[in-house]
Amino acid sequence: MQKEMENGKVKKSGINGGENGKEEEVETPTNITIKGILALLMATIDSSSSSIDNKKRTISLGMGDPTAYTCFHTTAVAEDAVVDTLRSQKFNGYSPTVGLPQTRKAIAEYLSRNLPYKLSPDDVYVTAGCTQAIEVSLSILARPGANILVPRPGFPIYELCAAFRNLEVRHVDLIPEKGWEVDLNLVDALVDHNTVAMVIINPGNPCGNVYSYQHLKKIAETAKRHKILVIADEVYGHLAFGRNPFVPMGIFGSIAPVLTLGSLSKRWIVPGWRLGWFVTTDPNSTFKTPKVVERIKKYFDICGGPATFIQAAVPRILEQCEEVFFKRTISILKQTSDTCCDRIKEIPSMTCPHKPQGSMALMVKLNCSELKDISDDIDFCFKLAKEESVILLPGLTVGLKNWVRITFAVEPSSLDEALERVKSFCHRHSSIQQKS
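Let us look at the structure shown here.

Considerations on the nonpolar core
Reasoning step 1: Counting residues in hydrophobic clusters, the biggest one holds 143 residues, and the most contacted among them are M350, F380 and I406.
Reasoning step 2: Take this core: its biggest share by element is eight residues, from helix 11 (residues 323-344).

Below, the structure is given as structure tokens:
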């Protein structure tokens, strides 16, 4: 499994139906996904749960789904909006493939609040969550020989989608000592005439970074210099609680064209509703030529979007949610992120180089040389799951070996208990402790 995670290659299997009835090879990407590795970790716990010594409840700090904890819940405005549209019996049919007109208009108005220009409803395409927006972006840009710049660490769905589209991925390292900023010198070195876009994730998953206005402007200027798009993954938009406020990349759309991807999932705490958006934040129409717009529309003709009644609820959700709801969520995330960082300082062989400023996760570095019988981050996470029933995400899953991603969108008491178990695990496996 580790070789597959490191290589991200494809498996080939034969099927009939090729030319002259000959067997053809079908390529299947072997990229490991977050859900895939978490399922394996959970299976490890399940297989050891029959042990008399293992009666601890399972605590997962691996999945970015805050709905598992009662302290995170959506607002009554959102719930009522969905119930009312469902009961109205007006939205049981198909929606336009690009989304309901009123939904596109509401999303355009919502995003325009923080931009120096106004988006049109025609700039907005409604998607089944942000994951489908990612898939659409890469599919639209893919062409023979093309490559795309993706952050490392990052979100592995980009690599998986690229593999299915035969789109080469080139990794741009994020710099932990600089708040996980993009290494723009590396961007300059990696770009060539086949580069179509660079991806940024802000607020950051898995790092918890929130980029400054100045850094985002430099990213836009770099993209302009190389004549490439910026894909701005803003699924954690506005979930910022540090020194930098959230700045949408679309502000710099007049410098370089931006594809803005987002959803209701994180800010409204409804990931299961699968309501996202793909938006051309490109006021100069550098990218969105009539031919490109037609291509996007045709691609959406083959996509299945969100349920019509969920789409219909969006205008009310975006317009009527009160600021107190958002502030409450931010307050809890700030509290749990502080707890996480404070507890990590007490755990041997683990360090957090940058305190999270937003989103719901952070990256923690492992010093495996100080841990006996632990070879790497994968070994660490599987043994931790088996011995302590705590799930962390191996860093290799998001591109960094011998790191782990910890999700802090968790009930405070559960977070505290989980990190106490991690501390016990690290003490028990400490080679330094063994020598003393």
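Details of unusual backbone geometry
Reasoning step 1: Cis geometry marks the peptide bond from N202 to P203, where omega comes out at -10°.
Reasoning step 2: Take P203: it is sitting in the loop between strand 8 (195-201) and helix 8 (213-226).
Reasoning step 3: Of the consecutive residues N205 and P206, the connecting peptide bond is found in the cis state with omega at 25°.
Reasoning step 4: Relative to the helices and strands, P206 resides in the loop between strand 8 and helix 8.

Description of the packing of aromatic side chains
Reasoning step 1: Enumeration according to the criterion identifies 11 aromatic pairs in this entry.
Reasoning step 2: Ring geometry for Y110 and W268: centres 5.7 Å apart, planes at 65°, overall edge-to-face. Of this pair, Y110 sits in helix 4 (residues 101-112) while W268 sits in the loop between strand 10 (258-263) and strand 11 (276-281), and the two are 158 residues apart along the sequence. Comparing Y110 with W268, the two get one shared label, buried.
Reasoning step 3: Pairing F380 with F425 gives two aromatic rings, centres 5.2 Å apart and planes at 90°, and the pair type is edge-to-face. Note that F380 is positioned in helix 12 (residues 377-388) and F425 in helix 13 (residues 412-428), a separation of 45 residues in sequence. The burial state of F380 is the same as that of F425; both residues are buried.

Side note on the sheet that holds strand 13 (residues 361-366)
Reasoning step 1: The strand order 12-13-16-15 describes an open sheet built from four strands, whose pairing is antiparallel. Both outer strands of the open sheet, strand 12 (350-351) and strand 15 (393-394), are each paired with one neighbouring strand and no more.
Reasoning step 2: In this sheet, strand 13 lies alongside strand 12 in antiparallel orientation, the contact comprising two bridges. Across the sheet, residue M350 finds its bridge partner in strand 13, namely L366.
Reasoning step 3: Sheet strands touched by helix 11: strand 12, strand 13 and strand 16 (403-407). Its angle to strand 13, the strand with the most contacts, is close to 5°.

Some words on the pairing of strand 4 (residues 124-127)
Reasoning step 1: By the alternation rule, side chains of strand 4 split into V124 and V126 and Y125 and T127, which are all buried.
Reasoning step 2: Here strand 4 runs beside strand 11; their pairing, made up of four bridges, is antiparallel. Bridge pairing in strand 11 links T127 to G276.

A short note on the packing of helix 11 against helix 13
Helix packing geometry: the angle between the two helix axes and the distance between the axes.
Reasoning step 1: Their axes nearest at 10 Å, the elements helix 11 and helix 13 cross at an angle of 15°. Here helix 13 runs roughly parallel to helix 11, going by the angle between their axes. In the crossing of helix 11 with helix 13, the sense of the turn from one axis to the other is right-handed. Along the contact surface, helix 11 presents Q335, T336, T339, C340 and R343, while helix 13 presents P412, L415, D416, L419 and E420.
Reasoning step 2: When its residues are assigned to classes, the contact of helix 11 with helix 13 shows four nonpolar, three polar and three charged.

Quick look at the side chain of S95
Reasoning step 1: Along the polypeptide, S95 turns up in the loop between helix 3 (76-87) and helix 4.
Reasoning step 2: Within the local environment of S95, its side chain forms a polar contact with the side chain of Q311, the two groups lying 3.1 Å apart.
Reasoning step 3: With residues up to four places along the chain from it excluded, the contact list for S95 reads L100, T308 and Q311.

Description of empty space enclosed by the protein
The probe, sized like a water molecule, is rolled over the atoms to show the empty space still left.
Reasoning step 1: Considering all chains together, one arrives at three cavities of 30 Å³ or more under this definition.
Reasoning step 2: Estimates place the volume of the largest cavity at around 200 Å³.
Reasoning step 3: Along the walls of the largest cavity sit 22 residues, with Y110, L111, E234, H238 and F246 positioned nearest its centre.
Reasoning step 4: Those elements that provide at least two residues to the lining of the largest cavity are helix 4, strand 10 and strand 11.
Reasoning step 5: When residues in the lining of the largest cavity are grouped by element, the largest group, four residues, is from strand 10.
Reasoning step 6: Taken together, the residues that form the lining of the largest cavity break down as 12 nonpolar, eight polar and two charged.
Reasoning step 7: Space inside the second largest cavity adds up to approximately 60 Å³.
Reasoning step 8: Lining the second largest cavity are 14 residues; nearest its centre among them are P151, P153, L174, I201 and Y211.

Observations concerning the packing of helix 5 (residues 129-141) against helix 6 (residues 157-164)
Reasoning step 1: At their nearest, the axes of helix 5 and helix 6 sit 10 Å apart, and the two run at 40° to each other. Judged on the interaxial angle alone, helix 6 and helix 5 are oblique. As for the relative orientation of helix 5 and helix 6, their crossing is right-handed in sense. When helix 5 is examined against helix 6, the residues T131, I134, E135 and L138 are found in contact with a partner set consisting of I157, Y158, C161 and A162.
Reasoning step 2: Looking at the contact of helix 5 with helix 6 residue by residue, the classes come out as six nonpolar, one polar and one charged.

Analysis parameters
Residues numbered from 1 in each chain as written. Predicted model: local features only at pLDDT ≥ 70, side-chain atom pairs only at ≥ 80, totals over all residues. Heavy atoms only, no water. Core = buried A, V, L, I, M, F, W, Y, C linked by side-chain atoms within 4.5 Å. Buried < 20%, exposed > 50% of the residue type's maximum accessible area, 1.4 Å probe, protein only. Helix = DSSP H or I, 4+ residues; strand = E, 2+ residues; numbered from the N terminus. Phe/Tyr/Trp six-rings, centres within 6.5 Å; stacked < 30°, edge-to-face > 60°. Pairing = 2+ DSSP bridges. Contact = heavy atoms within 4.5 Å. Axes fitted to C-alpha atoms, helices over the stretch in contact; angles between N-to-C directions. Parallel < 35°, antiparallel > 145°, perpendicular 65-115°, else oblique. Left-handed = near helix turned anticlockwise from the far one by under 90°. Nonpolar A, V, L, I, M, F, W, Y, C, P; charged D, E, K, R; others polar. Polar contact = N/O pair within 3.5 Å; in protein donor to acceptor, adjacent residues only side chain to side chain. 1 Å grid on protein atoms, 1.4 Å probe; cavity = no way out; pocket = protein on both sides within 12 Å on 5 of 7 lines; lining within 4 Å. Points joined across faces, edges and corners; volume = space filled by probe spheres on them.

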